[in-house]
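Analysis of the macromolecular model
Residues per chain, in single letters:
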Amino acid sequence: MVETSGISMNMEKNIKILFDQINERHLRILYTHTYNSCEADVKREKGKLWKYLKQILSGVISVGVVSSIFATIGWGKWIEIVTALLSVALFIISFICEDGKFEKGAHVNMEFANKCRRIRNEYESLLTDIICEHITIDEVVNRRNQLEKEEAEVFVGDFPEISKRAKKRADKQLKKDSRYKSTIEERKSILPSHLNLDIE
């Protein structure tokens, strides 16, 4: 890993311009990856919650049915009413949240996040090569163009949905890592330390 906070003074201005452009794309793909990864986590958590809720309601309904058989006259009616209401609630929950709905959604978000992570890593490698000055301008342009094509292929069609909860979680994760910034100067803090570069 290169431990440098900048690049040599002899790096040409056009390399700096390319670096800034690639840096921007790297940041966008990083956010997209993080948002989709967090959304997958949120959907998995929702799936578990609904599954547990259905199991609890099924258990309570079963107990209610058995209890109503052995209950005295006074409590028997109330147990039957509560059991009937819980049965309706279970039916509604089962109808709204069919088995595997959240897991399928989480899988879609995670697949999208994985594609973004691969491109993010390629951008990071390209940025590292630029800083190390192991690459010519023509090679930078060719690799950038190839990454743009790969990125365009990932973003064809519909995007997986991202909830507000996932966005908040992702933003919190990025801020916690001192990576979430908006100005040009602050934006570079989102990169790994060896990729920081002062760009005029």
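Our structure's up above, just so we're on the same page.
What counts and what doesn't
- Residues numbered from 1 in each chain as written.
- Predicted model: local features only at pLDDT ≥ 70, side-chain atom pairs only at ≥ 80, totals over all residues.
- Heavy atoms only, no water.
- Patch = residues over 30% accessible without salt bridge, like charges linked within 9 Å, V, L, I, M, F, W, Y side chains within 5 Å.
- Areas by Shrake-Rupley, 256 points an atom, 1.4 Å probe, with all protein chains shown as cover.
- Salt bridge = Lys/Arg side-chain N within 4 Å of Asp/Glu carboxyl O.
- Helix = DSSP H or I, 4+ residues; strand = E, 2+ residues; numbered from the N terminus.
- Buried < 20%, exposed > 50% of the residue type's maximum accessible area, 1.4 Å probe, protein only.
- Core = buried A, V, L, I, M, F, W, Y, C linked by side-chain atoms within 4.5 Å.
- Axes fitted to C-alpha atoms, helices over the stretch in contact; angles between N-to-C directions.
- Parallel < 35°, antiparallel > 145°, perpendicular 65-115°, else oblique.
- Contact = heavy atoms within 4.5 Å.
- Nonpolar A, V, L, I, M, F, W, Y, C, P; charged D, E, K, R; others polar.

Structural notes on a nonpolar patch on the surface
- Taken together, the side chains of Val88, Phe91, Ile92, Phe95 and Ile96 present a nonpolar region at the surface, about 550 Å² in accessible area.
- With respect to the element layout, phenylalanine 91 can be found in helix H2 (residues 73–96).
- Assessed through its relative accessible area of 57%, phenylalanine 91 is described here as exposed.

A look at the nonpolar core
- Counting residues in each nonpolar core, the largest one holds 17 residues, and the members touching the most others are Ile22, Ile119, Tyr123, Leu126, Ile130 and Val140.
- A total of eight residues in this core trace back to one element, the largest contributor, which is helix H3 (residues 101–132).
- By size, the runner-up hydrophobic cluster in this structure holds five residues, among which are Cys38, Val42, Ala166 and Ala170.

Considerations on the packing of H3 against helix H4 (residues 137–154)
- Two elements in contact, H3 and H4, have axes separated by 11 Å at closest approach and are oriented at 170 degrees. With respect to H4, the element H3 is oriented roughly antiparallel. In contact with Phe112, Lys115, Cys116, Arg118, Ile119, Glu122, Tyr123, Ser125, Leu126, Asp129 and Ile130 of H3, H4 contributes Val140, Arg143, Arg144, Leu147, Glu148, Glu150, Glu151 and Val154.
- Counted by class, the contact of H3 with H4 contains nine nonpolar, one polar and nine charged residues.

Everything listed here is a matter of geometry and, on its own, says nothing about what the molecule does.
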